Amino acid sequence: MTVKLRAAMAGLPSYVAGRKSPGAVVLASNESPFGLLPAVEAVINDLTAGVSRYPDMTSTRLVEAIAEHHAVAPDRIGVGAGSVEVVGQVAAAVVDAGDEVVFGWRAFEAYPIITTVVGGTAVMVPLRDHVHDVEAMAAAITGRTRLVLICNPNNPTGTAIGPTELAQLLNAVPDDVTVVIDEAYHHYADPELVPDALERYGDRDNVVVTRTFSKAFALAGLRVGYCIGAPNLVAAVRKTQVPFSVSGLAQDCAIAALGEEKEVRRRAGLTIAERRRVTTALTDAGYDVPPSQANFVWLPIGDEAADFAEHCSAGGVIVRPFAGDGVRVTIGLPEENDRFLELASAWAASHRA
Ligand SMILES: Cc1ncc(COP(=O)(O)O)c(C=O)c1O
């Protein structure tokens, strides 16, 4: 690493610095470890010249491709620069200053930020045993609540609520309160255990399901996500999108990625098998690992989190600490996971015996 780069990185948390550190294994941000899907690579090679032009502002071909993929009408689809932008668009569409936004905590770090940006008040309902406490979430809904965010599977714990709990929570939400069910990790979830909200609740007028191209479709850097919901809600969500936020390259690559569903499922299967192996190895080493339905695992190691992450970073593996709470570790390729497991075992032997 150059002296200049090292100086620029001084002071950055290791999970950020790791992105710029050649050779480090980055298991900090839940991306796909497999690289571009073949069809996407072909599109990128062909279309780079197009970036000198503005993209289609309404992403029409992409919207139609997503609609066809899910067998729904195009007017039920809203897109954005990542599902984080789409969740923000929903919030901008339905939350006014002072309104309440209810979500479990800890969940996706963007939720409090999105709530603040739209002037809302975050009502953060503590998880119970690392899982969304649906009774407490339902009880937290008041006359001021305009939006409920359900992260399922949840980031960073990887845990999911099942069909009964999801039904219980949705049935407790008044019709005039919007619910976002954030399914960023849908492809890694066991359909027997984790309800497909789109299939079950996609028709409800107050439910919006969000999905992303950043995880199983391996396009985190290109920024494309979408939501599916009732046409009038989607129309409002479309109005709050930053114009041209989804680049032309991103639109074309996302369309190509949708055509690779078989490869996407194959890769997700590999990640699920590795998740099982990593979970077993960590449990054998003495860690408490809540059952994950996502492409990462959560180690609720509390005050050890920051030091554990530094220990991993020193060993060339970047993981994501949440100081005082735990560490989230993305499932990478088998050899990357092995490197992490060696470091985790060494830590357990010296700190947790
Ligand atoms: C639960 C959840 N939702 C949404 C996102 C954002 O994904 P995108 O890259 O589509 O903005 C993430 C990313 O980590 C996530 O964990």
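My aim in this report is to walk through the structure given alongside it, one point at a time. (Residues numbered from 1 in each chain as written. Predicted model: local features only at pLDDT ≥ 70, side-chain atom pairs only at ≥ 80, totals over all residues.)

1. Let's talk about the overall build of the chain
Within the chain one finds 14 helices and 12 strands. Radius of gyration (C-alpha) of the chain: 20 Å, near the 20 Å computed for a compact globule of 353 residues. Seen through its C-alpha atoms, the chain measures out along the principal axes to roughly 55 × 55 × 40 Å. Relative to its 353 residues, the chain shows a buried fraction of 46%. (Helix = DSSP H or I, 4+ residues; strand = E, 2+ residues; numbered from the N terminus. Rg over C-alpha atoms; globule rule 2.2 N^0.38 Å. Buried ≥ 20, exposed ≤ 12 C-beta atoms within 10 Å, placed from the backbone.)

2. Brief notes about the site of the ligand
Not every one of the 13 residues close to the ligand is listed here, only the nearest: Gly82, Val84, Asn155, Thr212 and Ser214. Its residues placed into classes, the shell around the ligand shows five nonpolar, seven polar and one charged. (Near = placed C-beta within 6 Å. Nonpolar A, V, L, I, M, F, W, Y, C, P; charged D, E, K, R; others polar.)

3. Structural notes on helix α12 (residues 261-284)
Here α12 spans 34 Å end to end across 24 residues, near enough to the 34 Å set by a 1.5 Å rise per residue. Those residues of α12 lying buried are Val264, Arg267, Ala268, Thr271, Arg275, Val278 and Leu282. Against the buried residues of α12 lie β9 (296-299) and α14 (334-351). A positive backbone phi angle near 105° is found at Gly286, which sits one or two residues after α12. (Expected span 1.5 Å × (residues − 1). Contact = placed C-beta atoms within 7 Å.)

4. Remarks on the sheet that holds strand β3 (residues 100-105)
If you trace the seven strands from one edge of the open sheet to the other, you get β2-β8-β7-β6-β5-β3-β4, paired in mixed fashion. At either margin of the open sheet sits one strand with a lone partner, and together these are β2 (77-80) and β4 (121-126). If you compare each strand with its neighbour and ignore which way they point, the axes differ by 25° on average. Here six bridges tie β3 to β4, and the two strands are oriented parallel to one another. Among the inter-strand pairings, Trp105 is bridged to a residue of β4, identified as Pro126. (Pairing = 2+ DSSP bridges. Axes fitted to C-alpha atoms, helices over the stretch in contact; angles between N-to-C directions.)

5. What about helix α11 (residues 248-258)?
With respect to burial, α11 is a largely interior element, eight of its 11 residues being buried. Residues of α11 that are buried make contact with α3 (38-47) and α4 (60-70).

6. Regarding the pairing of β2
Burial along β2 is two-sided: Ile77 and Val79 and Gly78 and Gly80, pointing in opposite directions, are all buried. Summarising the sheet, β2 and strand β8 (residues 225-228) pair through four bridges and their orientation is antiparallel. Bridged to Val79 within β8 is Tyr226.

7. Focus: the packing of helix α13 (residues 305-314) against α14
Between α13 and α14, the least distance of the axes is 10 Å, while the angle of their chain directions is 130°. When the axes of α13 and α14 are compared, the pair comes out oblique. Classified by chirality, the crossing of α14 by α13 is right-handed. Side by side, α13 and α14 meet where Phe308, His311 and Cys312 of the first sit next to Phe340, Leu343 and Trp347 of the second. Of the residues assigned to the contact of α13 with α14, the class counts are five nonpolar, one polar and no charged. (Parallel < 35°, antiparallel > 145°, perpendicular 65-115°, else oblique. Left-handed = near helix turned anticlockwise from the far one by under 90°.)

8. A word on unusual backbone geometry
In this chain, Trp105 is followed by Arg106 through a cis amide linkage whose omega measures 15°. Residue Pro156 is reached from Asn155 by a cis peptide bond, and omega for that bond is 15°. Position of Pro156 among the secondary structure elements: in the loop between β5 (145-151) and α8 (163-172). A positive phi angle is found at Ala71, which is not glycine, with a value near 55°. Here Ala71 lies in the loop between α4 and β2. Assessed through the 6 C-beta atoms surrounding it within 10 Å, Ala71 is described here as exposed.

9. With respect to the sheet that holds strand β11 (residues 320-322)
Spatial strand order, β9-β12-β11: three strands in an open sheet with antiparallel pairing. Looking at which strands have only one partner, the edges of the open sheet turn out to be β9 and β11. Ignoring strand direction, the axes of neighbouring strands in this sheet form an average angle of 20°. Across four bridges, the pairing between β9 and strand β12 (residues 326-330) is antiparallel. Following the sheet pairing, Val297 is matched in β12 by Val329.

10. Quick notes on the nonpolar core
Among the nonpolar cores identified, the biggest contains 102 residues, and Val90, Ala91 and Leu219 are the most heavily contacted of them. If one sorts the elements of this core by residue count, helix α5 (residues 83-94) sits on top with eight residues. Among the domains, domain 1 (3-30 + 262-351) and domain 2 (52-258) are the pair contributing at least three residues each to this core. Discounting residues that sit within four places of it in the chain, Ala91 has contacts with Val101, Ile114, Thr115, Val118, Gly120 and Leu147. (Core = buried A, V, L, I, M, F, W, Y, C linked by C-beta atoms within 7 Å. Domains from an automatic or database assignment.)

These results come straight from atomic positions and should not be treated as a statement about function.
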